[in-house]
Amino acid sequence: MPKQPKRIQAWTGDRTVAHKVEEAVALVKANAKAKFDETVEIAVNLGVDPRHADQQVRGVVSLPSGTGRDVRVAVICRDAKAEEAKAAGADIVGAEDLVERIQGGFMDFDRVIATPDMMALVGRLGKVLGPRGLMPNPRVGTVTPNVGQAVKDAKGGAIEFRTEKTGIIHAGIGKASFSDDALLANVRALVDALNKAKPSGAKGTYIKKISLSSTMGPGFKVDTTSVGA
């Protein structure tokens, strides 16, 4: 059997039991030993079948402690809304010209916001943005006339979440350099948003499992009752 790398040998903490969320956060931080500021990630296994329209879970939540990363925001709008977006801190703003750039392969952004009147143009980008989870959608606040607030929210720590095919939600909820309290606040904010987004078609246990990990570290199970799930 090949010998495990030293970084794995150095991992501490029991990965077989479910820890209270406070303990799990502390363990994740203690094992984040990379030379860069690792992202703390959460995986939530929901008791839903996303293949059914009435069991899909999707939404947006503002993390109270932010994400710790610089979110590059592109806004598809024109005229006064373009000025509003720029004033709010948007990184890229445009209309037909921006749509053409994206169609040509430009993807230097993390979030795309559009005004409702631009959706006929934005529709052309479905095959490009859709597979990457970047297609503007009114359900998560990325199609809105209030582009200034949408840009501020995206820059300030708002993240989108949606179930994958297996019913799991993955999200980054901060950095290993964050304080325990900051990470705990973000975890609880996301779990609260998931509870509020519970679909009517969900049966049985809704939040089945939760785990926390860092980019290069091990995953730790979380006792779902410790986060109000």
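Given the structure is predicted, the values throughout are model-derived calculations rather than measurements.

Regarding the overall build of the chain
Phase 1: Along its length, the chain carries 8 helices and 10 strands.
Phase 2: For the chain, the C-alpha radius of gyration of 19 Å lies close to 17 Å, the compact-globule estimate for 229 residues.
Phase 3: Referenced to the eigenvectors of the C-alpha coordinate spread, the extents of the chain come out at roughly 55 × 45 × 35 Å.
Phase 4: Looking at the 229 residues of the chain, the share that counts as buried comes to 45%.
Phase 5: Restricting to contacts in the chain with at least 6 residues of sequence separation, those with at least 24 account for 73%.

Observations regarding the sheet that holds strand S9 (residues 207-214)
The strands that make up a sheet pair up through hydrogen bonds in the backbone, lying either parallel or antiparallel.
Phase 1: On the basis of which strands lie adjacent, the open sheet formed by 5 strands has the order S1-S10-S9-S2-S8 and mixed pairing. The open sheet has two edge strands with one neighbour each: strand S1 (18-19) and strand S8 (168-175).
Phase 2: Sitting on the sheet, helix H2 (residues 21-30) touches S1, strand S2 (39-46), S9 and strand S10 (220-222), and the angle it makes with S10 is about 160°.

Observations regarding the pattern of salt bridges
When their charged atoms lie close together, side chains carrying opposite charge are able to pair.
Phase 1: As enumerated under the stated definition, the model contains 14 salt bridges in all.
Phase 2: Its salt-bridge partner being Glu22, residue Arg188 comes within 2.9 Å of it at the nearest N-O pair. Here Arg188 is found in helix H8 (residues 180-196), whereas its partner Glu22 is found in helix H2, with 166 residues between them in sequence.
Phase 3: One salt bridge connects Arg58 with Glu160, and the closest N-O pair in it is separated by 3.9 Å. Taken together, the positions of Arg58 in strand S3 (residues 58-62) and Glu160 in strand S7 (residues 158-162) put the pair 102 residues apart, joining distant regions of the chain.
Phase 4: Residue classification places Glu160 among the partly exposed positions, given a relative accessible area of 23%.
Phase 5: Three or more residues are tied together by salt bridges with common partners; here these are Arg69, Arg72, Asp108 and Asp110.

Basis of the calculations
- For every chain, the first residue of the written sequence is number 1, and numbering continues from 1 onward in sequence order.
- Where totals are concerned, whole chains, interfaces and linings use all residues; where local detail is concerned, this predicted model gives features only for residues with pLDDT of at least 70, and gives and counts side-chain atom pairs only at 80 or more.
- Side-chain measures were taken over the full set of non-hydrogen atoms in the model, leaving aside hydrogen atoms and water.
- For helices the rule is a DSSP run of H or I covering at least 4 residues; for strands it is a run of E covering at least 2, with both sets numbered from the N terminus onward.
- With the radius of gyration taken over C-alpha atoms, the globule rule is written as 2.2 Å times the number of residues to the power 0.38.
- Residue burial is assigned from relative accessible area. The probe radius is 1.4 Å, only protein chains are included, and a residue is buried under 20% of its type maximum, exposed over 50%, and partly exposed in between.
- Whether two residues are in contact is decided by their heavy atoms: any pair within 4.5 Å suffices.
- In this description, strands pair whenever DSSP reports at least two bridges between them.
- A fitted line through C-alpha atoms serves as each axis, taken over the contacting stretch for helices, and the angle formed by two N-to-C directions is quoted from 0 to 180°.
- Any Lys or Arg side-chain nitrogen located within 4 Å of an Asp or Glu carboxyl oxygen qualifies as a salt bridge.

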